[in-house]
Amino acid sequence: MNIDEVYSYGLANHYGSKSIQIEDGFKYVPSEEVYYNYVTVFDEHRFDYINVWNNQVQDVHPPLYYCILHTICSLRPRTFSMWYGFFINIGFAIGVLLVIRKIVDLYTKGYFVKSLISLSFIAMTGIYNAVMFIRMYVMAMFFVTLFIYWVFKFIKDKDNFREVSQYIILLLISVGGILTHYYCMVFFGLFTFVYAICLLSGKRIRDALFFCVTMAVSVLLSLIIFPGMYSHFFLSGRGTESFEHFAYNEKFVAQLSVVANLINKHIFGGLFPILIFIALLGLIVALVKKKIEIKAGTDLIVTVVPSLMYFVLISRIAPYGTDRYYFPIYGVLFVIFILSVSRAIKVLTKGTAFKVILAAILVVVSVNGWLVNEWSYSEKYTEDAIKFAREHSDLDCVFLYERRTRTHPAFFEVKNYNSVTFANCRKEIPDISTMRPDGDFVFIVPNTERQEEILDLAYKDGYICEYVGTSGYSNTFWCQKQKKEY
């Protein structure tokens, strides 16, 4: 289980602090107790949203996702299941699909094309990678995609600019996104900037003003609802880190390259260069036939440009070069992909030929996406350690750690052992002779350059330590007592 997935449950349910509480030297029996105390809801704290709020003030994310996860966990207190988190992700993934179908409805009522695009989205590996990761990113994707749909309605019908109800809904969508993940606010801000320029270029000053004011109010309203936003931005380590990275990030180019490759596989099936060629071919033919109209491309301008800006900016300020920070715009990228390819094909051909070519491209992209995809959130590297733990559940475990959060990924392994005793070895290596049993035991040690030095504790007491597996931050060893020869 990923370190941040354990955090999701802990931040949603743990009372009193955001971090897992570990008593060093205490023998936890059963071994799952220390983790269950962190990730599950106690009866007396069911539906305790004040606690969720307080945990998020201490952390670096807004609270909406955690409130939903806490609600689900509160229905079954003192129980844990990854399905509690998967239910949220699957529900919002279905929501993204329904919104994309509504976007398609703005362009065509054809059942075949809408079904084809829906199947293509369902087959997109990027959505499965996002759903597999129990965090708030699929929920963020829903709000960003819904935001795009609502703005597309503005583009399609200028009368929407004159209806207060449309701005209120836009405001609520924006607040929902901001209170889910701050990167939604980043995209909304970039989008507003680009869209305002488009409106002003058409001398629609009133519309631009109303749109910008609505978005500004959404930020203000989010801050009123969750004042912790301010400290997250300007006082927290993550906020300070983002500003520092914006000023200078030596990993910027490397992160840009890594994430671009991942997005190419997740959204475009690894075929982005070929798709660009098709789009350019359609553009050239359109120019020759003089079919290009500025208004016809507004929807693409206000999605492509902010997405590119988001991609570059997040690569600059994000703490890690990982795909999760781009999950919020996966729905938008899919819409861009569909609009670009379908328009390019429509310039080249029409009727049945259009449907056949579009279907062929979507099938090839989907199939190739499954061939090249990397399931990074399956955490398969932990399988050996978990399998060993299940087969040796009678063993006691000694777990040395340098940071409490680094114990998170070993959750599914450790909970299988007979017992677990923790000890912090960050400053100095503790004596484990009082923690371990006289016979065989499991020794989990930090996956650092100090590993051999720590294992010497067991070697000196006559143990042979056999490597079993890893949970990422820690490595697991089976320490077997050697019989003395006389």
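Scroll up a little and you will see the structure.
So, here's what we can say about the structure. (Residues numbered from 1 in each chain as written. Predicted model: local features only at pLDDT ≥ 70, side-chain atom pairs only at ≥ 80, totals over all residues. Heavy atoms only, no water.)

### Quick word on the nonpolar core
Note on soluble globular proteins: their nonpolar side chains tend to be buried together. The cut-off we apply is this: Side-chain atoms within 4.5 Å are what join buried Ala, Val, Leu, Ile, Met, Phe, Trp, Tyr and Cys residues into a set we call a nonpolar core. Each residue's exposure class comes from its accessible area (1.4 Å probe, protein chains only) as a fraction of the maximum for that residue type: buried when under 20%, exposed when over 50%, partly exposed otherwise. Only runs of H or I of at least four residues qualify as helices and only runs of E of at least two qualify as strands under DSSP, and these elements are numbered from the N terminus. Any two residues whose heavy atoms approach within 4.5 Å are treated as being in contact.
Grouped together as the largest cluster of nonpolar side chains are 140 residues, with contacts concentrated most on Phe147 and Phe399. Sorting elements by how many residues they give to this core places helix α8 (residues 137-156) first, with 16 residues. Apart from the residues lying within four places of it in its own chain, the contact partners of Phe147 are Leu170, Ile173, Ser174, Phe188, Phe191, Phe211 and Met215. Counting residues in hydrophobic clusters, the runner-up holds 16 residues, among them Val398, Cys425, Tyr463 and Cys465.

### Observations concerning the sheet that holds strand β1 (residues 27-28)
Using the following cut-off: Two strands pair under a simple rule: DSSP has to find at least two bridges between them.
The six strands lie next to each other as β1-β3-β2-β4-β6-β5, forming an open sheet whose pairing is mixed. One side of each edge strand has no neighbouring strand; the edge strands of this open sheet are β1 and β5 (463-470). Of the pairings in the sheet, the one linking strand β4 (residues 441-446) to strand β6 (residues 474-481) comprises six bridges and is antiparallel in character. Each bridged residue has a counterpart across the sheet, and for Pro446 the counterpart in β6 is Ser474.

### Regarding the packing of aromatic side chains
What counts, and what does not: Stacked, tilted and edge-to-face are the three classes applied to pairs of Phe, Tyr and Trp rings, where Trp contributes its six-membered ring and a pair requires centres within 6.5 Å; stacked means planes under 30 degrees apart, edge-to-face means over 60, and tilted covers the rest. Two thresholds decide whether a charge sits over a ring: the Lys NZ or Arg CZ must be within 6 Å of the ring centre and within 35 degrees of the ring normal.
The final tally for this structure, using the stated rule, is 52 aromatic pairs. Judged by centre distance (4.4 Å) and plane angle (25°), the ring pair of Phe133 and Tyr377 falls under stacked. Of this pair, Phe133 sits in the loop between α7 (125-132) and α8 while Tyr377 sits in the loop between α18 (351-372) and α19 (383-391), and the two are 244 residues apart along the sequence. For the pair Phe133 and Tyr377, a shared accessibility class is recorded, and that class is buried. For Arg206, the ring lying beneath its charged end belongs to Phe210, and the centroid distance is 4.5 Å.

### A few points about helix α3 (residues 49-58)
For the record, the criterion: The directions considered for the arc run from the helix axis to the C-beta atoms.
The set of residues buried in α3 consists of Asn51, Val52, Asn55 and Gln56. Down the axis of α3, the sector holding all buried residues measures 135°, keeping them to one side. At its buried positions, α3 is contacted by α1 (3-13), α4 (64-74) and α12 (228-234).

### Considerations on the environment of Met215
Along the chain, Met215 turns up in helix α11 (residues 205-225). Among the residues examined, Met215 registers a relative accessible area of 7% and is labelled buried. With sequence-adjacent residues up to four places away left out, Met215 is seen in contact with Phe147, Leu170, Ser174, Phe188 and Thr192.

### Observations regarding the packing of α8 against helix α16 (residues 298-317)
Geometry of a packed helix pair, given as the angle between the helix axes and the separation of the axes. Rule in force here: Helix axes use the C-alpha atoms of the stretch in contact, all axes being lines fitted to C-alpha atoms, and the angles between their N-to-C directions lie in the range 0 to 180 degrees. Angles below 35 degrees are treated as roughly parallel, those above 145 as roughly antiparallel, those between 65 and 115 as roughly perpendicular, and all remaining angles as oblique. Each helix crossing is assigned a hand: it is left-handed if the near helix lies turned anticlockwise from the far helix by less than a right angle, otherwise right-handed if that turn is clockwise. Note that Gly is not counted as nonpolar here; it falls among the polar residues with everything else outside the nonpolar set of Ala, Val, Leu, Ile, Met, Phe, Trp, Tyr, Cys and Pro and the charged set of Asp, Glu, Lys and Arg.
Across the interface, α8 lies against α16 with an axial gap of 10 Å and an inter-helix angle of 150°. Classed by the angle they form, the pair α8 and α16 counts as roughly antiparallel. The two elements α8 and α16 cross, and the hand of that crossing is right-handed. For the pair α8 and α16, contact is made by Ile148, Phe152 and Ile155 and by Thr298, Asp299, Val302 and Thr303, respectively. Here the residues of the contact of α8 with α16 sort into four nonpolar, two polar and one charged.

### Some details on helix α13 (residues 237-247)
Turning to α13, its buried residues are Gly239, Ser242 and His245. What you see down the axis of α13 is that its buried residues fit within an arc of 125°, all on one side. Among the exposed residues of α13, those oriented more than 90 degrees off its buried face are Gly237, Glu244 and Ala247. On its buried side, α13 packs onto α12 and α16.

### Side note on unusual backbone geometry
Omega for the bond connecting Val29 with Pro30 falls within 30 degrees of zero, at 0°, which places this linkage in the cis form. Relative to the assigned elements, Pro30 resides in the loop between β1 and α2 (33-39). Located in the positive-phi region is Arg78, a residue other than glycine, with phi close to 60°. Structurally, the position occupied by Arg78 is in the loop between α4 and α5 (82-105).

### Points about the pattern of salt bridges
The following threshold applies: One speaks of a salt bridge when a side-chain nitrogen belonging to Lys or Arg is within 4 Å of a carboxyl oxygen belonging to Asp or Glu.
Scanning the model with the defined rule gives nine salt bridges in all. Taking the shortest distance from any N to any O, the salt bridge between Asp299 and Arg343 comes out at 2.6 Å. With a gap of 44 residues between them, Asp299 in helix α16 and Arg343 in helix α17 (residues 330-348) connect regions that are remote in the sequence. Residue Arg343 is classed as partly exposed on the basis of its relative accessible area, which comes to 25%. What emerges from the salt-bridge pattern is a single network uniting Arg204, Arg206 and Asp207.

### Considerations on the side chain of Thr303
Let me state the cut-off plainly: Whenever two N or O atoms come within 3.5 Å, that pair is a polar contact, provided that in protein one can donate a hydrogen and the other can accept it, and provided that, for residues adjacent in sequence, both atoms are side-chain atoms.
By the secondary structure assignment, Thr303 is in helix α16. Here Asp299 takes part through its backbone oxygen, which lies 2.8 Å from a polar atom of the side chain of Thr303. If near-sequence neighbours (up to four positions away) are discounted, Thr303 is found in contact with Ile148, Phe152, Val332 and Ile336.

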